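# Architecture and fold: a report
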Amino acid sequence: MKRITLIVGHYGSGKTEFSVNHVINLKKQYDKVAILDMDIANPYFRSRERQEFLEDMGITIHFNSFGYDITEDLPAISACMKAPLENKDYMVVADVGGDNAGARVLNQFKKYFVDESDCEMLIVVNANRPETDTLEGALYHIQTIQAETGLKVKGLISNTHLLRETKVEDILKGYQLCRDISRETGIPITYTTCVEKLVPELEKAKAEQGLDDMVIYPIKLYMRPTWLDRK
């Protein structure tokens with residue numbers, strides 16, 4: 001695991017949900033953990049919306065230059081994001097905007113990301129999203145994000161879902177797409193996400209189908225909570 005993890009992908013692929021889950025899991029292992037909300041392209045479902053929740057857990061969160069107020073949607077990135085990037089004591093997760101347009105913000109801080117021993121860029125793939133539901137579409141997004149940032153994608157996060165209607169069949173479909181992407185590009189599948197209640201069923205399917213290389217990553221839906229999730 002690298003100290004800095006950049007999470008990129010197509011709009012609506014589930015980057016923020018994964019980023020929040022990932023930073024919470026990191027907090028269980030490391031004392032100093034930060035999440036950088038670098039999404040200035042999409043005004044919905046951003047990690048900054050869970051600011052109080054994350055800070056109560058001892059997780060540092062940085063977003064735009066103005067704080068979480070009426071100016072929160074201005075496309076401005078705070079210079080304070082440099083602090084955890086420069087402090088080697090911090091594990092950092094960057095929740096980046098969608099597509100190559102959203103990933104462009106990484107260029108402002110690129111000097112922190114070029115050391116591959118310290119940083120890796122992972123791409124979230126959701127086979128139920130338009131434009132990434134085929135091999136060709138997914139490859140296009142990988143290529144354009146890499147071209148925009150000058151950084152290489154080092155891992156795939158298979159994150160195919162239908163929110164609370166997700167079935168194991170959806171997860172397996174997304175995993176097969178990621179296997180095709182991996183064969184085409186040589187990029188390994190780092191994680192396959194799965195909501196916690198489906199993990200036993202997915203584990204069973206993994207064993208039955210001989211998917212030994214699948215790394216299941218249990219997640220909670222922090223960005224779309226309901227009263228049922230709070231039980």
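Attention now goes to the overall build of the protein chain. In terms of regular secondary structure, the protein chain is built from 7 helices and 8 strands. For the protein chain, the residues scored as buried account for 52% of the 231 residues in total. Put simply, 75% of the contacts in the protein chain that link residues at least 6 apart link residues at least 24 apart. On the protein chain, roughly 11000 Å² of surface is accessible, and the fraction owed to carbon and sulfur atoms is 50%.

This part covers the pattern of salt bridges. Counting across every chain of the model gives 5 salt bridges. A salt bridge links Lys88 to Asp118; the shortest N-O distance between them is 3.3 Å. Taken together, the residues span a long stretch of sequence, with Lys88 in the loop between α3 (82-86) and β4 (91-96) and Asp118 in the loop between α4 (99-103) and β5 (119-125) at a distance of 30 residues. Take Lys88: its relative accessible area is 56%, and that puts it in the exposed class. Its relative accessible area of 11% is what places Asp118 among the buried residues. Overlapping salt bridges, with partners in common, bring together Arg3, Lys88 and Asp118 in one network.

For the rest of this paragraph, the subject is the pairing of strand β6 (residues 153-158). Counting buried positions along β6 gives 5 out of 6 residues, so the element sits mostly inside the fold. The sheet contact formed by β5 and β6 spans 5 bridges and is parallel. By the bridge assignment, Ile123 is partnered in β6 with Leu156. As for the winding sense of the linkage, the β-α-β connection from β5 through helix α5 (residues 135-149) to β6 is right-handed. Where β6 meets strand β7 (residues 189-195), 3 bridges bridge the pair, whose relative direction is parallel. Across the sheet, Ile157 pairs through a bridge with Tyr191, a residue of β7. Handedness of the crossover joining β6 and β7 through helix α6 (residues 168-185): right-handed.

Its 15 residues give α5 an end-to-end C-alpha distance of 21 Å, which sits within 8% of 21 Å, the value for a rise of 1.5 Å per residue. Residues of α5 that are buried include every one of Gly137, Ala138, Leu139, His141, Ile142, Thr144, Ile145, Gln146 and Thr149, and no others. If you follow the buried residues of α5, they end up packed against β1 (4-9), α4, β5, β6 and α6. Phi turns positive one or two residues past the end of α5, at Gly150, with a value near 75°.

With respect to topology, 8 strands assemble into an open sheet ordered β3-β2-β4-β1-β5-β6-β7-β8, the strand pairing being parallel. Of all strands in the sheet, those bounded by a partner on one side alone are β3 (60-62) and β8 (216-219). Across the sheet, the mean angle separating the axes of adjacent strands is 25° when strand polarity is ignored. Note: strand β2 (residues 33-38) against β4, 6 bridges, orientation parallel. Across the sheet, the residue bridging to Val33 is Met91, located in β4. Contacts from helix α1 (residues 15-27) reach β1, β2, β4, β5, β6, β7 and β8 within the one sheet, and its direction differs from that of β4 by about 170°. Contacts between α6 and the sheet are confined to β5, β6 and β7, with β7 contributing the most and set at about 170° to the helix.

A separate point is the packing of α5 against α6. Put simply, α5 and α6 touch, their axes get as near as 10 Å, and they point 60° apart. Considered as vectors, α5 and α6 are oriented oblique to each other. In terms of crossing hand, the pair formed by α5 and α6 is right-handed. Here Leu135, Ala138, Leu139 and Ile142 of α5 come into contact with α6, specifically with Leu177, Asp180, Ile181, Glu184 and Thr185. Of the residues that constitute the contact of α5 with α6, the class distribution is 6 nonpolar, 1 polar and 2 charged.

Its location among the elements puts Thr160 in the loop between β6 and α6. Residue contacts for Thr160: discarding those within four places in its chain leaves Val125, Asn126, Ala127, Asn128, Thr166, Asp170, Ile171, Lys173 and Gly174.

Reading the values: rules and limits
- Residues numbered from 1 in each chain as written.
- Predicted model: local features only at pLDDT ≥ 70, side-chain atom pairs only at ≥ 80, totals over all residues.
- Heavy atoms only, no water.
- Helix = DSSP H or I, 4+ residues; strand = E, 2+ residues; numbered from the N terminus.
- Buried < 20%, exposed > 50% of the residue type's maximum accessible area, 1.4 Å probe, protein only.
- Contact = heavy atoms within 4.5 Å.
- Areas by Shrake-Rupley, 256 points an atom, 1.4 Å probe, with all protein chains shown as cover.
- Salt bridge = Lys/Arg side-chain N within 4 Å of Asp/Glu carboxyl O.
- Pairing = 2+ DSSP bridges.
- Right-handed = clockwise from strand over helix to strand, strands pointing away.
- Expected span 1.5 Å × (residues − 1).
- Axes fitted to C-alpha atoms, helices over the stretch in contact; angles between N-to-C directions.
- Parallel < 35°, antiparallel > 145°, perpendicular 65-115°, else oblique.
- Left-handed = near helix turned anticlockwise from the far one by under 90°.
- Nonpolar A, V, L, I, M, F, W, Y, C, P; charged D, E, K, R; others polar.

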